[in-house]
Amino acid sequence: MLKARLQEDAVLGRCLATSCSVERGELVLEELPFARGPKRDSGIVCLGCYQFLQFGEDGDSLDRCELCDWPLCGSCADDEDVTEHLGECQVFSAARVTFAGNVSDDGVCPQLDCITILRVLLAKEANPERWDNEVAPMEHHEEERQKDADVWHADRVNIAQYLRGPCQLANRFSEELIMQVVGVLEVNAFEARSPKGYPLRCLFPYTGILAHNCVPNTARSIYPSEGYKIRLRAMVDLEEGQPLHHSYTYTLDGTAQRQKHLKQGKFFTCQCERCQDPTELGTHFSSLKCGQCAEGFQVPRQPTEPDTSWSCASCGSDTSNADALAMLQSLQSEVNAVQALPMAAKRLEEIERLLRKYKSLLHPLHFIATGLRQLLIEMYGRVQGYEMVQLPDHQLERKAELCRQVLRVLNTFEPGLSRTRAMNLYELHVPLVLLAKSGFIAGKLKGGELRARLVDAIDLLKECVEILEFEDKSSQEGVLCVVAKQALKQLTLSVEGLGSELD
């Protein structure tokens with residue numbers, strides 16, 4: 001396992017820690033998936049490349065495997081190197097189980113929920129030692145999952161009973177084993193993207209037991225070009241024996257939202273330092289503007305408790321958790337409505353309007369405000385009427401300020417090697433370069449000042465490249481790394497040329 005070791009923790013159970021001191025960016029762990037396949041509740045997808053396929057209401061489609069009749073695009077059917085589908089193809093062909101192509105009103109094809117589970121079961125037969133040592137001990141939280149009776153029943157019928165009955169696998173796999181695999185995947189699987197960007201899920205036995213923390217110290221990258229191998233790197237310098245953490249929820253959500261996601265999907269309550277701090281490590285990422293005084297902010301007294309009250313440190317006024325969450329839900333509904341607008345000038349302007357409105361309701365760094373800023377960063381320079389070359393200086397400065405505000409949060413929650421940080425570093429360098437050049441042309445900056453500002457932009461690009469150079473070249477982040485390297489090269493040449501002129 002390179003620089004990680006397996007250990008037992010009284011609270012966390014099986015987890016990983018560093019086996020020696022590790023520097024930022026160093027490889028800690030890498031492994032191939034035990035199995036991979038379609039995500040749960042997916043639509044109809046190709047069982048080779050995971051692209052979405054169009055089936056008629058009667059299940060009619062040309063995208064079917066000639067042997068078993070299940071979904072397979074023409075490219076995968078003709079490609080001998082595509083082996084994803086071979087295992088279940090043999091099962092379905094032998095049992096003469098055909099694919100009905102039924103899809104629910106919300107676009108879900110329940111018949112495909114069995115695929116990834118079946119692939120894990122077949123991998124168990126092919127590699128029993130790895131199953132016994134790595135997969136069988138993984139958490140599957142059967143008791144907690146049984147509390148959701150509707151989902152448990154659906155899994156028994158659509159997966160366990162389907163595989164044991166129509167697919168004729170009862171003599172190979174017990175219902176108990178199948179339901180265990182369902183749980184192992186639900187709790188431990190990672191989402192990946194195919195080379196063409198289609199979603200799937202992978203089961204990584206060692207990476208999957210990483211302890212959770214809302215301020216992670218590791219970053220993972222999955223490489224479709226290498227059989228979906230996963231590599232885990234240190235985001236920051238780590239000491240020997242230090243527990244390895246990853247975040248299993250969105251770090252740019254507030255504490256209540258993260259806790260809800262973890263409880264529903266991972267069946268635990270996070271007790272990390274960030275979750276227990278009412279101010280979320282001083283960022284006030286969930287804090288509300290106090291309605292009783294001018295300067296104060298209300299924070300949850302006990303952030304991990306569902307019935308906590310909210311209190312203002314300045315005036316002592318209280319708000320119930322129900323009232324606080326009701327207000328947040330109302331604001332989130334407004335945000336969702338604006339997010340649904342087409343990617344155009346009106347959408348950008350509406351987001352700016354919401355940010356102005358929420359100044360009187362939320363802390364400036366609140367997660368809703370931070371999410372709106374992230375949307376604006378992506379829009380300034382890209383939507384019609386706000387193209388980068390057309391932005392006046394005050395809008396370039398606006399984009400730069402938005403980037404700095406988001407990076408202030410990310411530097412606390414995702415320090416070091418964070419893909420989100422890298423993408424915001426890239427976004428920040430663009431307005432800085434344009435502002436420097438326009439200032440020089442207007443005579444506001446001298447040559448030395450221009451050079452200094454361009455060097456600042458170069459430093460941003462260098463860190464961006466340092467973070468993204470570990471990504472798969474076919475991924476969105478890998479493509480951005482190439483673009484950032486080109487921009488870095490051009491900017492470095494410009495600064496060198498400017499230096500010669502100044503000399």
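The protein chain goes by SET domain-containing protein SmydA-8 isoform X2 in an unreviewed UniProt entry, where it is assigned to Drosophila mauritiana.

### A few points about the overall build of the protein chain
Broken down by element type, the protein chain carries 16 helices and 14 strands. The C-alpha radius of gyration of the protein chain comes to 26 Å, within 12% of the 23 Å expected for a compact globule of 503 residues. In terms of overall dimensions, the protein chain has a C-alpha envelope of 80 × 60 × 55 Å along the principal axes. Sorting the 503 residues of the protein chain into buried and exposed places 51% on the buried side.

### Some details on the sheet that holds strand β11 (residues 288-289)
Read across the sheet, 4 strands follow the order β11-β12-β13-β14 without closing on themselves; strand pairing throughout is antiparallel. Every interior strand has two partners, whereas the edge strands, β11 and β14 (318-319), have only one. Sheet analysis places strand β13 (residues 310-312) next to β14, joined by 2 bridges and oriented antiparallel. Of the residues in β14, the one forming a bridge with S311 is D318.

### Looking at the domain arrangement of the protein chain
Per the domain assignment, the segments of the protein chain are domain 1 (4-33 + 205-246), domain 2 (35-195) and domain 3 (328-498). For domain 1 versus domain 3, the distance between C-alpha centres works out to 30 Å. On the domain 3 side, the residues contacting the 16 residues of domain 1 number 13 residues. Together domain 1 and domain 3 conceal approximately 1100 Å² of surface at their shared face, both sides included; 51% is due to carbon and sulfur atoms. Applying the counting criterion to the domain 1 and domain 3 interface returns 2 salt bridges. Taking the shortest distance from any N to any O, the salt bridge between R24 and E466 comes out at 3.0 Å. One can count 8 residue pairs in polar contact (both at pLDDT 80 or more) joining domain 1 with domain 3. Elements with a minimum of two residues in the side of domain 1 that touches domain 3: β8 (218-223) and β9 (229-234).

### Quick look at the packing of helix α2 (residues 86-95) against helix α3 (residues 114-126)
With their axes 9 Å apart at the nearest point, α2 and α3 run at an angle of 100 degrees to one another. It follows that α2 is roughly perpendicular to α3 by the angle criterion. Between α2 and α3, the contacting residues are G87, E88, V91 and F92 on the first element and C114, I115, L118, R119 and L122 on the second. Looking at the contact of α2 with α3 residue by residue, the classes come out as 6 nonpolar, 1 polar and 2 charged.

### Here's the deal with the side chain of T18
Tracing the sequence through the fold places T18 in strand β2 (residues 13-18). Here T18 falls in the buried class, since its relative accessible area comes to 0%. Engagement of the side chain of T18 in a polar contact is seen with the backbone oxygen of E239, the distance being 2.5 Å. Among the polar contacts made by the side chain of T18, one reaches the main-chain amide nitrogen of Q242 at a distance of 3.0 Å. In this structure, T18 is in contact with K3, A4, R5, L238, E239, E240, G241, Q242 and L244, ignoring residues within four places of it in sequence.

### Some thoughts on the sheet that holds strand β5 (residues 190-193)
With respect to topology, 3 strands assemble into an open sheet ordered β4-β6-β5, the strand pairing being antiparallel. In the strand order of this sheet, the two ends are held by β4 (35-37) and β5, each with one partner. Averaged over all neighbouring strand pairs, the angle between strand axes comes to 35 degrees, with direction disregarded. Of the strand pairs in this sheet, β5 and strand β6 (residues 199-203) are connected by 4 bridges, and their pairing is antiparallel.

### Some remarks on the packing of helix α12 (residues 367-379) against helix α13 (residues 393-413)
Interhelical geometry of α12 versus α13 gives an angle of 135 degrees and a closest axis separation of 9 Å. Judged by the angle between their axes, α12 and α13 are oblique. Classified by chirality, the crossing of α13 by α12 is left-handed. Contacts between α12 and α13 pair T370, R373, Q374, L376 and I377 from the former with R398, K399, L402, C403, Q405, V406 and V409 from the latter. Split into classes, the residues belonging to the contact of α12 with α13 amount to 6 nonpolar, 3 polar and 3 charged.

### A closer look at the pattern of salt bridges
Enumeration over the complete set of coordinates arrives at 29 salt bridges. In this structure, the salt-bridge partner of R231 is E226, at a minimum N-O distance of 2.7 Å. A salt bridge links E427 to R382, with the shortest nitrogen-to-oxygen separation between them at 2.6 Å. On the criterion of sequence distance, the pair formed by E427 in helix α14 (residues 419-441) and R382 in the loop between α12 and α13 is long-range, its members being 45 residues apart. Here the salt bridges share partners, and the residues they tie into one network are R40, D41, D155, E186 and R201.

### Quick notes on the state of the cysteines
Throughout this description, disulfide means a covalent bond between two cysteine sulfur atoms. Under the criterion given, the structure shown has 0 disulfides. This cysteine, C73, is not joined by any disulfide, and C76 carries the nearest cysteine sulfur, 3.6 Å off. The exposure class of C73 is buried, given its relative accessible area of 3%.

### Re the packing of aromatic side chains
Under the defined criterion, the tally for this structure stands at 9 aromatic pairs. On the basis of an interplanar angle of 45 degrees and a centroid distance of 6.1 Å, the ring pair of F190 and Y248 is categorised as tilted. Here Y248 lies in the loop between β10 (245-246) and α8 (255-265) and F190 lies in strand β5, a separation of 58 residues in the sequence. On the accessibility criterion, F190 (3% relative accessible area) is buried. Aromatic pair Y380 and Y386: ring centres 5.8 Å apart, planes at 80 degrees, arrangement edge-to-face. Looking at Y386, the relative accessible area reads 12%, which means it is buried. In textbook terms, an aromatic cluster arises when at least three aromatic residues are bridged by ring pairs, as seen for W70, F92 and F99.

What counts and what doesn't
Residues numbered from 1 in each chain as written. Predicted model: local features only at pLDDT ≥ 70, side-chain atom pairs only at ≥ 80, totals over all residues. Heavy atoms only, no water. Helix = DSSP H or I, 4+ residues; strand = E, 2+ residues; numbered from the N terminus. Rg over C-alpha atoms; globule rule 2.2 N^0.38 Å. Buried < 20%, exposed > 50% of the residue type's maximum accessible area, 1.4 Å probe, protein only. Pairing = 2+ DSSP bridges. Domains from an automatic or database assignment. Contact = heavy atoms within 4.5 Å. Buried area = accessible area lost by both parts, 1.4 Å probe. Salt bridge = Lys/Arg side-chain N within 4 Å of Asp/Glu carboxyl O. Polar contact = N/O pair within 3.5 Å; in protein donor to acceptor, adjacent residues only side chain to side chain. Axes fitted to C-alpha atoms, helices over the stretch in contact; angles between N-to-C directions. Parallel < 35°, antiparallel > 145°, perpendicular 65-115°, else oblique. Nonpolar A, V, L, I, M, F, W, Y, C, P; charged D, E, K, R; others polar. Left-handed = near helix turned anticlockwise from the far one by under 90°. Disulfide = S-S within 2.5 Å. Phe/Tyr/Trp six-rings, centres within 6.5 Å; stacked < 30°, edge-to-face > 60°.

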